[in-house]
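Coordinate analysis (summary)
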Amino acid sequence: MNEGFVPIINAVPGIVAYYWVDAGNGVMVSTSVFESRDGAEESNKKAADWVIENLASLLPNPPQITAGEVVAYRAK
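Structural notes, computed from the coordinates.

Scoring rules and cut-offs
- Residues numbered from 1 in each chain as written.
- Predicted model: local features only at pLDDT ≥ 70, side-chain atom pairs only at ≥ 80, totals over all residues.
- Heavy atoms only, no water.
- Salt bridge = Lys/Arg side-chain N within 4 Å of Asp/Glu carboxyl O.
- Helix = DSSP H or I, 4+ residues; strand = E, 2+ residues; numbered from the N terminus.
- Buried < 20%, exposed > 50% of the residue type's maximum accessible area, 1.4 Å probe, protein only.
- Expected span 1.5 Å × (residues − 1).
- Arc of directions from axis to C-beta.
- Contact = heavy atoms within 4.5 Å.
- Core = buried A, V, L, I, M, F, W, Y, C linked by side-chain atoms within 4.5 Å.
- Patch = residues over 30% accessible without salt bridge, like charges linked within 9 Å, V, L, I, M, F, W, Y side chains within 5 Å.
- Areas by Shrake-Rupley, 256 points an atom, 1.4 Å probe, with all protein chains shown as cover.

So, on to the pattern of salt bridges. One pass over the full model with this rule turns up 3 salt bridges. The salt bridge partner of Glu42 is Lys46, with a shortest N-O separation of 4.0 Å. Taken together, the residues Glu42 and Lys46, both in helix α2 (residues 37-54) and 4 residues apart, mark about one turn of the helix. Take Glu42: its relative accessible area is 34%, and that puts it in the partly exposed class. In this structure, Lys45 and Asp49 form a salt bridge, with 2.9 Å as the shortest nitrogen-oxygen distance. In this pair, Lys45 and Asp49 both sit in helix α2, 4 residues apart, roughly one turn of the helix. On the accessibility criterion, Lys45 (52% relative accessible area) is exposed.

Once that is clear, we can look at α2. One turn of the α-helix equals 3.6 residues, which is why residues spaced by three or four share an orientation. For α2, with 18 residues, the first-to-last C-alpha span of 25 Å sits near the 26 Å given by 1.5 Å per residue. If you check which residues of α2 are buried, you get Gly39, Ser43, Trp50 and Val51. One side of α2 carries all its buried residues, which in axial view fall inside an arc of 100°. Exposed and oriented more than 90 degrees from the buried face of α2 are Asp38, Lys45 and Ile52. Where α2 is buried, its residues meet α1 (5-10) and β2 (27-34).

Take the nonpolar core next. In this structure, Phe5, Ile9, Val12, Tyr18, Phe34, Trp50, Val51 and Leu55 together form the largest nonpolar core, which totals 8 residues. Among the secondary structure elements, those contributing two or more residues to this core are α1 and α2. Once residues within four sequence positions are removed from consideration, Ile9 is found in contact with Ile15, Tyr18, Ser32, Phe34 and Ser43.

What follows deals with a nonpolar patch on the surface. Together, Tyr19, Val21, Val27 and Val29 line one region of the surface with nonpolar side chains, adding up to about 340 Å² of accessible area. Mapped onto the elements of the fold, Val29 is located in strand β2. The class for Val29 is partly exposed, based on a relative accessible area of 38%.

This is how it looks when you write it as structure tokens:
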């Protein structure tokens, strides 16, 4: 991921943060934070293309995408 997908998403304008979490039992969760919805939507397209090219055979179910506005946060 760090060598494959992360540089792709890092090039999307407005990226603030990206996290990929192994939640166990075959469940993976990624969270991206962008300055605008446009950046998030571009990221989703790039992610979908990358998954199709690199991970499709490993994923039994298609990814689920959820988007929304940040309503609370804490950062160091």
